[in-house]
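Descriptive structure summary
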Amino acid sequence: MKRHKIVNAEREAARSLELFLANLPNVEIEEILRDDPSNSDKGIDIRVEGRFADRPLHLAVDVKSSGQPRIVRDAARQLRTYLRDAHSDAIPIVMAPYLSPQARDVCKDERVGYLDFMGNALIAFDSVYIEREVPGRPETERRVLRSLYQPKSARILRRLLAEPGRNWRTVELAEAAQVSVGLVSNVGSVLRERGWADQTDAGLLLSAPGDLLDSWAENYRPPQGEEFRRHTTLHGSRLAERLRGLDALDGKVALASFSAAEWLSPFARHPNHYFYADEAGLAALDQLLATTEAPKGANVIIVVPEEEGVLDDAIPVGEGRIATSPVQTYLDLMQGGDRGQEAAAHLRQKLLHRAS
């Protein structure tokens, strides 16, 4: 089955490559040769012979059925080594059904071209330089990312990103994140496949925390739950004084989004006050801030999440105040328009610089 999958990928790659090259000016294709599937040579799967502006043009293509960054990096290095040892002047190109932005960056770092079946491409030779990005992702890619950023999996990611230089044993990480050992193993496999983590003798270690955080922010969905919109007359020093009692409330309550950032890494004030709370915390917070229901003109926004991971890793921010973790605060700020993204960048630089 695996060999069949690879052969199909090579066949589709040959078609995609032919269509792509046919649209390049001054390029004349003479032959597109696919290697014999039984060939033990793993360096080149497709060879292209042609001419560009009356000069010889040679392409050497390595086709992978998966475009995961780790696989792409191995392919790029193997391809360059093969061409070097063969004293070939062919242009190295890696192809796969889909190459994520991270995989494309790997190709750039390794100085090889790339083309995927969606049309994302970087081909450079002679005086030609073509770089193209196509919006969207294949459904299989979206499914993997949706699964990775589900609430239970997110518990694991927040733990990893909170200490990006730490090696985690599977059982240790499962206990810290309050999830199953099986889920930790599954998440670890996805992170390794995408080149975001390594499995060391000491445990799972993030190797590209910044790439993981970027991908999560790009695909982030705020925690599902019920939103309560309230109004309080408290503001300024009176409100700050009341917030000193968050850690003494019944239930769980944490400052969130702009309100959390105000205490984690002050940057820009926001007229609204944001919180996550469980049911008991909601009632206690209403009493603490003397709120009233406000379908219109609300200045207190409280979300009671269906999954309490965002509350379980909340942290103290001094004098009885509790806020969502820097990672969770960053993700929520990234949903807050231009002002939120500016505040997120400031927080990342100050508290998440190891994930930059």
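Below is a summary of the structure that appears in this document. (Residues numbered from 1 in each chain as written. Predicted model: local features only at pLDDT ≥ 70, side-chain atom pairs only at ≥ 80, totals over all residues. Heavy atoms only, no water.)

So, about the packing of helix 2 (residues 69-85) against helix 3 (residues 101-109). In the contact formed by helix 2 and helix 3, the axes pass within 9 Å of each other and the chain directions differ by 20°. When the axis of helix 2 is compared with that of helix 3, the two are roughly parallel. The two elements helix 2 and helix 3 cross, and the hand of that crossing is right-handed. Taken together, the residues of helix 3 that come into contact with helix 2 (itself represented by Pro69, Val72 and Arg73) are Gln102, Ala103, Val106 and Cys107. Here the residues of the contact of helix 2 with helix 3 are counted per class, giving five nonpolar, one polar and one charged. (Axes fitted to C-alpha atoms, helices over the stretch in contact; angles between N-to-C directions. Helix = DSSP H or I, 4+ residues; strand = E, 2+ residues; numbered from the N terminus. Parallel < 35°, antiparallel > 145°, perpendicular 65-115°, else oblique. Left-handed = near helix turned anticlockwise from the far one by under 90°. Contact = heavy atoms within 4.5 Å. Nonpolar A, V, L, I, M, F, W, Y, C, P; charged D, E, K, R; others polar.)

Among the six residues in strand 4 (residues 91-96), six count as buried, and that is most of the element. The alternating pattern of strand 4 places Ile91, Ile93 and Met95 on one face and Pro92, Val94 and Ala96 on the opposite face, and all of these are buried. Across five bridges, the pairing between strand 3 (residues 55-63) and strand 4 is parallel. Paired with Asp62 across the bridge in strand 4 is Val94. With respect to chirality, the unit in which strand 3 leads through helix 2 into the neighbouring parallel strand 4 is right-handed. Relative to strand 5 (residues 113-116), strand 4 runs parallel, the two being bridged by four bridges. Counted as the bridge partner of Ile93 is Gly113 from strand 5. (Buried < 20%, exposed > 50% of the residue type's maximum accessible area, 1.4 Å probe, protein only. Pairing = 2+ DSSP bridges. Right-handed = clockwise from strand over helix to strand, strands pointing away.)

Before going further, it helps to examine unusual backbone geometry. Phi is positive for Ser257, which is not a glycine, with a value near 50°. For Ser257, the location among the structural elements is in helix 10 (residues 257-264). For Ser257, a relative accessible area of 11% translates into the label buried.

In this section: the packing of aromatic side chains. Following the criterion strictly, the structure yields three aromatic pairs and no others. With a centroid separation of 5.8 Å and 5° between ring planes, the pair formed by Tyr149 and Trp216 is classed as stacked. Linking Tyr149 in the loop between helix 4 (139-148) and helix 5 (151-162) with Trp216 in helix 8 (residues 209-218), this pair joins segments that are 67 residues apart in sequence. Of the two residues examined, Tyr149 and Trp216, each falls in the buried class. Of note, Arg166 hangs over the ring of Trp168, and the distance from its end group to the ring centre comes to 3.7 Å. For Arg321, the ring lying beneath its charged end belongs to Trp263, and the centroid distance is 3.8 Å. (Phe/Tyr/Trp six-rings, centres within 6.5 Å; stacked < 30°, edge-to-face > 60°. Lys NZ or Arg CZ within 6 Å of the ring centre and 35° of its normal.)

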